[in-house]
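The chain contents come next:
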Amino acid sequence: MTTNCDMCVNYVFDEDDECYYCLVNLDEDEMYRFLTGTQQMCPYFRLDDEYGVVRHQM
């Protein structure tokens, strides 16, 4: 997989369950492609750029 979920803004930590979850609700076909590794890039990937706001203000 070329997409790194750890760097995605949709991949969040749930303190109650103490694990990470993806906030995107994948349909059945998308989940199948994700689990089998046939999809190379996640269409919902957005880089979690914490400093994007700061660069925008400059």
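Residues numbered from 1 in each chain as written. Predicted model: local features only at pLDDT ≥ 70, side-chain atom pairs only at ≥ 80, totals over all residues. Heavy atoms only, no water.

**Q** In this structure, what is going on with unusual backbone geometry? I would like to understand it.
**A** Across the chain, the bulk of peptide bonds are trans and the bulk of non-glycine residues have phi less than zero. The phi torsion at E18 lies on the positive side, around 55°, for a residue other than glycine. The topology assignment puts E18 in the loop between β1 (11-14) and β2 (19-22). (Helix = DSSP H or I, 4+ residues; strand = E, 2+ residues; numbered from the N terminus.)

**Q** Even after reading the chapter, I still don't get the pairing of β1, so can you show me in this structure?
**A** Remember that side chains alternate between the two faces of the sheet whenever the strand is regular. As paired strands, β1 and β2 are joined by four bridges and run antiparallel to one another. If you follow F13 over to β2, its bridge partner there is Y20. Following β1, the chain reverses through four residues before pairing antiparallel with β2; E18 in that reversal takes a positive phi of roughly 55°. (Pairing = 2+ DSSP bridges.)

**Q** Quick question: what am I supposed to make of a negative patch on the surface here?
**A** A contiguous patch of negative charge, built from E15, D16, D17 and E18, is present on the exposed surface. Looking at where E15 falls in the secondary structure, it is placed in the loop between β1 and β2. (Patch = residues over 30% accessible without salt bridge, like charges linked within 9 Å, V, L, I, M, F, W, Y side chains within 5 Å. Areas by Shrake-Rupley, 256 points an atom, 1.4 Å probe, with all protein chains shown as cover. Salt bridge = Lys/Arg side-chain N within 4 Å of Asp/Glu carboxyl O. Lys, Arg positive; Asp, Glu negative; His and termini not counted. Charge placed at Lys NZ, Arg CZ, Asp CG, Glu CD.)

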